[in-house]
Amino acid sequence: MNSRQRDQLATLVFYSIAAGITALLFGLIGYMLYQGFPKLTLDFLTSPSSSFKAGGGIGSQLFNSFYILVLTMLFTIPLGLGGGIYMAEYARDNKLTSTIRTCIEVLASLPSIVIGMFGLLVFVNLTGWGYTMIGGALALTVFNLPVMVRVCEDALRSVPREQKEASLALGLTHWHSIKTVLLPAAFPGILTGAILASGRVFGEAASLLFTAGITTPTLDFGNWNPFDSVSPLNIFRPAETLAVHIWSVNTQGLIPDVRAVADGSAAVLILAVLVFNLLARWIGSLLHKKITAQA
Amino acid sequence: MLSMTMEKVKQATLPKEKEVREGSSLLARKQALTFEDVNIYYGTHQAVKNVSFSIPERAITALIGPSGCGKSTFLRSINRMNDTIAGARSTGVIQYDDVNLLGQEINTAALRKEIGMVFQKPNLFAKSIYQNMIHALKFHGITGKDELMYTVEECLRKAALWEEVKDRLHQSALSLSGGQQQRLCIARALALKPNILLLDEPCSALDPISNSKIEDLMIELKEEFTILIVTHNMHQASRISDQTAFFLDGILVEYSETNQLFTNPLKKETEDYITGRFG
């Protein structure tokens, strides 16, 4: 075999791998959507789930998933940004920072069920809150924070050094340069990290089982007082998310239409993640264009 | 500590005689910056060794020398840009008015407002032309819309860029050509009304036409500003500068009026370099 043939073979191999991966992905998503599609009615999406009878929906689970996502990001983004800025701009190269870095890497690969147990100890028992939305959000913050710190650090480090020098040479302070030059330049990378983290939050079940719980009280969607126990906004109530719901109906569901509900929920979960990603990217690119003055 | 510094400064106001010829007009003019025993280290490597001389105000001083001779490092020590490099360390005195720029107590942000810098590659922000111009102005407390616009126009005119960009101020600065970008960098530095401009090989990434535009610009700007330019282009140094300092291996070999240095150098190393025998 001469070098030209070897080159062609390599091209063929890589094309086949790419085609294989794509086929697998489309097959998987297509199958889930195909199975779940018949369930995707407004009624299914909005009505509360039922315990014994067929025909229950996923209204509160869908709401819980989004609410817990917002809460988690509310904690994760500022903390992750702060940690990333410290690691990229302030931390000196010494034993302490290399220890921090190792810890972040270990934390990032921690199995989510372990984080669930940690959450059970700290956010459920120690605080005495019981199973709560906020407990779940905090557990997910622990789950996501290491990745977010890492992503923010990398995004900041990948901004060319010249940009920082340009800003410092104009007499701007370090912090002001970070705020007005480095962060806007690192924005696309940070956004991608935040979106990936959101996907993980949306699909996460294991760490929520013991923190946000596997039940949802009957919610009154007309009551928006966050301190009321039947209000959807109350953060101190148990909150079963969509991903947890898929697990719980499959393992302990007593309803006759378990399969249909699970299929429908899976399809909704995938679509929701997709829509969320597309929206976040679209808004992100609009913002980025505005900052960078690209028409 | 401070009094010791002042003592040193008094001894150091003029360059050593062996480096400047008698009767040179360098000695007669008001000095903008005076360097005394400036040493710069990167870790254990010494990049600049015992440099002492002074540069007159409202003139162009060129720093020439082969790559790695320490001229850029030296330039970057003046506005303390070396502070951002881990392991870099400077000793000695750089006297500016009545302060030592290498002193610990120096507020580097305030210093860099008075001593502006333009880098080798244009380093505009990924923002609009207008935003690039006002970025630092807003930080330094100028916020009035009319005042900002006035400064933007004034400085773009000074940088001979106004006519080319006046209709596209709100477009991305990165859509400009390389030469225009570099002139915008100069305009952006001028907007802070600095006393001294440091230019670190500002033309090395530019085509000959952009190059000559920037050279013309510098000759105009020296009426108002003290300019220090690092260049490895000897023709550029001889065309635009009033005095030239030749660096070799971190040492200031020779410093004199540009036409003297180029036509009748005192040192053999200088002659070898300007006649192209090495470097």
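Keep in mind that what you see is a predicted model, and the values were worked out from it rather than measured. (Residues numbered from 1 in each chain as written. Chains lettered and ligands numbered in written order. Predicted model: local features only at pLDDT ≥ 70, side-chain atom pairs only at ≥ 80, totals over all residues. Heavy atoms only, no water.)

Undergrad: Can you help me understand the overall build of chain B in this one?
TA: What chain B contains, in helices and strands, is eleven helices and ten strands. Buried positions account for 55% of the 279 residues belonging to chain B. Sequence-distant contacts, at least 24 apart, represent 67% of the contacts inside chain B between residues at least 6 apart. Counting only carbon and sulfur atoms, one obtains 50% of the accessible surface of chain B, whose full area is about 12,400 Å². (Helix = DSSP H or I, 4+ residues; strand = E, 2+ residues; numbered from the N terminus. Buried < 20%, exposed > 50% of the residue type's maximum accessible area, 1.4 Å probe, protein only. Contact = heavy atoms within 4.5 Å. Areas by Shrake-Rupley, 256 points an atom, 1.4 Å probe, with all protein chains shown as cover.)

Undergrad: Mind showing me how you'd approach the packing of aromatic side chains here?
TA: Between two aromatic rings, the relevant description is the distance of the centres plus the angle of the planes. All names here are of chain B. Going through the model one piece at a time under the given rule, you end up with 13 aromatic pairs over all chains. Joined through ring pairs, the aromatic side chains of Phe-35, Phe-53, Phe-74, Phe-247 and Tyr-255 make up one cluster. Positioned above the aromatic ring of Tyr-41 is the side chain of Arg-89, whose terminal nitrogen or guanidinium carbon lies 4.4 Å from the ring centre. Sitting over the face of the ring of Phe-125, Arg-188 holds its NZ or CZ atom 4.7 Å from the ring centroid. (Phe/Tyr/Trp six-rings, centres within 6.5 Å; stacked < 30°, edge-to-face > 60°. Lys NZ or Arg CZ within 6 Å of the ring centre and 35° of its normal.)

Undergrad: It is not clear to me how the UniProt feature "transmembrane region" (unreviewed entry) in chain A should be interpreted in this structure. Could you clarify?
TA: Residue and element names in this part refer to chain A. Sequence positions flagged by UniProt for "transmembrane region" (unreviewed entry) are, in local numbering, residues 12–34, 66–88, 100–123, 129–149, 181–202 and 260–280. From the first C-alpha to the last, residues 129–149 spans 28 Å; its make-up is 81% helix and 0% strand. In the segment residues 260–280, helix accounts for 100% and strand for 0%; the C-alpha atoms at its two ends are 30 Å apart. (UniProt positions renumbered as here; feature names shortened; annotations may be inferred.)

Undergrad: Can you help me understand the interface of chain A and chain B in this one?
TA: A common measure of how large an interface is: the accessible area buried when the components associate. Each partner contributes to the interface: chain A provides 19 residues, whereas chain B provides 27 residues. Both sides together, the interface formed by chain A and chain B hides about 1,900 Å², and carbon and sulfur atoms give 61% of it. Where chain A meets chain B, there are one salt bridge. The residue Glu-165 of chain A makes a salt bridge to Arg-76 of chain B at a minimum N-O spacing of 2.7 Å. (Buried area = accessible area lost by both parts, 1.4 Å probe. Salt bridge = Lys/Arg side-chain N within 4 Å of Asp/Glu carboxyl O.)

Undergrad: I would appreciate a short explanation of the pairing of strand β1 (residues 31–42) of chain B in the present structure.
TA: Successive side chains on a regular strand alternate, one facing one side of the sheet and the next facing the other. Residue and element names in this part refer to chain B. Most of β1 is tucked away: ten of the twelve residues are buried. Relative to strand β2 (residues 45–56), β1 runs antiparallel, the two sharing eight bridges. From the neighbouring strand, Ile-40 faces β2, where its bridge partner is Val-48. Between β1 and β2, which pair antiparallel and follow one another directly, the connecting turn spans two residues, one of which, Gly-43, has a positive phi of 60 degrees. Bridge count for β1 against strand β4 (residues 88–96) is seven bridges, and the pairing is antiparallel. (Pairing = 2+ DSSP bridges.)

Undergrad: I tried to follow unusual backbone geometry on my own but got confused; where do I start?
TA: Backbone phi values are negative for most residues with the exception of glycine, while trans is the configuration of most peptide bonds. All names here are of chain B. Here the phi dihedral of Asp-97 falls at roughly 50 degrees; this positive angle occurs in a residue that is not glycine. Turning to its location among the elements, Asp-97 is positioned in the loop between β4 and β5 (99–100). In this structure, Glu-201 takes a positive phi of about 45 degrees despite not being glycine. For Glu-201, the position within the fold is in the loop between β7 (196–200) and α8 (208–221). By relative accessible area, Glu-201 is classed as buried at 9%.

Undergrad: I'm lost on the environment of Ala-54 of chain A in this one. Help?
TA: Its place among the elements puts Ala-54 of chain A in the loop between α2 (42–46) and α3 (59–90). Leaving out residues up to four positions away in the same chain, Ala-54 of chain A has contacts with Pro-256 and Asp-257 of chain A.

Undergrad: I would appreciate a short explanation of the confidence of the model for chain B in the present structure.
TA: Reading fine detail from the predicted coordinates is not recommended where pLDDT is low. Summary statistics for chain B give a mean pLDDT of 87 and a share of 89% for residues scoring 70 or more. pLDDT under 50 marks residues 1–23 of chain B. Its contacts with residues more than four places away, or in other chains, come to 34 contacts. (pLDDT = per-residue confidence, 0-100.)

Undergrad: Whenever I open this one, the UniProt feature "domain: ABC transporter" (unreviewed entry) in chain B confuses me. Can you help?
TA: Summarizing the sequence annotation, UniProt attributes the feature "domain: ABC transporter" (unreviewed entry) to residues 33–274 of chain B in the numbering used throughout. When the span residues 33–274 of chain B is considered, its composition is 38% helix and 27% strand, and the gap between its end C-alpha atoms is 26 Å.

Undergrad: Is there a simple way to think about the side chain of Gln-95 of chain B in this case?
TA: The topology assignment puts Gln-95 of chain B in strand β4. Only 3.5 Å separates the side chain of Gln-95 of chain B from the backbone oxygen of Asp-97 of chain B, close enough to count as a polar contact. (Polar contact = N/O pair within 3.5 Å; in protein donor to acceptor, adjacent residues only side chain to side chain.)

Undergrad: Would you take a moment to explain the layout of surface pockets for this structure?
TA: Gaps left between atoms are located by rolling a probe of water-molecule size over the structure's atoms. Of the voids in this model, the largest pocket is the one considered here, and its volume is about 940 Å³. Glu-89, Lys-164 and His-174 of chain A together with Asp-83 and Thr-84 of chain B are the residues nearest the centre of the largest pocket, which is lined by 27 residues in total. For the lining of the largest pocket, the secondary structure elements donating two or more residues are α3, α6 (133–157), α7 (161–169) and α8 (174–203) of chain A together with α3 (108–114) of chain B. With four residues, α3 of chain A is the largest single contributor of residues to the lining of the largest pocket. Classifying every residue of the lining of the largest pocket by side-chain character gives 13 nonpolar, five polar and nine charged. Each pocket or cavity is described by its volume, and for the second largest pocket that value is around 540 Å³. (1 Å grid on protein atoms, 1.4 Å probe; cavity = no way out; pocket = protein on both sides within 12 Å on 5 of 7 lines; lining within 4 Å. Points joined across faces, edges and corners; volume = space filled by probe spheres on them. Nonpolar A, V, L, I, M, F, W, Y, C, P; charged D, E, K, R; others polar.)

Undergrad: Quick question: what am I supposed to make of the UniProt feature "domain: ABC transmembrane type-1" (unreviewed entry) in chain A here?
TA: In the numbering adopted here, UniProt assigns the feature "domain: ABC transmembrane type-1" (unreviewed entry) to residues 62–280 of chain A. With 73% helix and 0% strand, residues 62–280 of chain A has its two end C-alpha atoms placed 18 Å apart.

Undergrad: Please clarify how the sheet that holds β5 of chain B should be interpreted in this entry.
TA: Within a sheet, adjacent strands bond to each other through the backbone by hydrogen bonds, running parallel or antiparallel. Residue and element names in this part refer to chain B. The strand order β2-β1-β4-β5 describes an open sheet built from four strands, whose pairing is antiparallel. Both outer strands of the open sheet, β2 and β5, are each paired with one neighbouring strand and no more. Where helix α2 (residues 71–78) meets the sheet, it contacts β1, β2 and β4, and its direction lies at approximately 120 degrees from that of β1. (Axes fitted to C-alpha atoms, helices over the stretch in contact; angles between N-to-C directions.)

Undergrad: Explain the sheet that holds strand β3 (residues 60–64) of chain B to me, please; I cannot follow it from the model alone.
TA: Residues and elements named next belong to chain B. A sheet is described by the order of its strands in space; here six strands give the open sequence β6-β7-β8-β3-β9-β10, paired in mixed fashion. The open sheet has two edge strands, β6 (115–118) and β10 (251–257), and neither has a second partner. Averaged over all adjacent pairs, the angle separating strand axes in this sheet is 15 degrees, with direction ignored. Pairing analysis gives five bridges linking β7 to strand β8 (residues 226–230), with the strands arranged parallel. Across the sheet, residue Leu-198 finds its bridge partner in β8, namely Leu-228. Along the sheet face, α2 touches β3, β6, β7, β8 and β9 (243–248) and points at about 150 degrees away from the line of β7. Against the sheet, α8 engages β3, β7 and β8, with an angle of about 150 degrees to β8.

Undergrad: Explanation requested: the domain arrangement of chain A in the structure shown.
TA: Residue and element names in this part refer to chain A. Taken domain by domain, chain A holds domain 1 (1–39) and domain 2 (42–292). For domain 1 and domain 2, the distance between their C-alpha centroids amounts to 30 Å. Tallying the contact residues gives seven residues for domain 1 and twelve residues for domain 2. A combined buried area of about 730 Å² lies between domain 1 and domain 2, and 72% of that area is made up of carbon and sulfur atoms. (Domains from an automatic or database assignment.)

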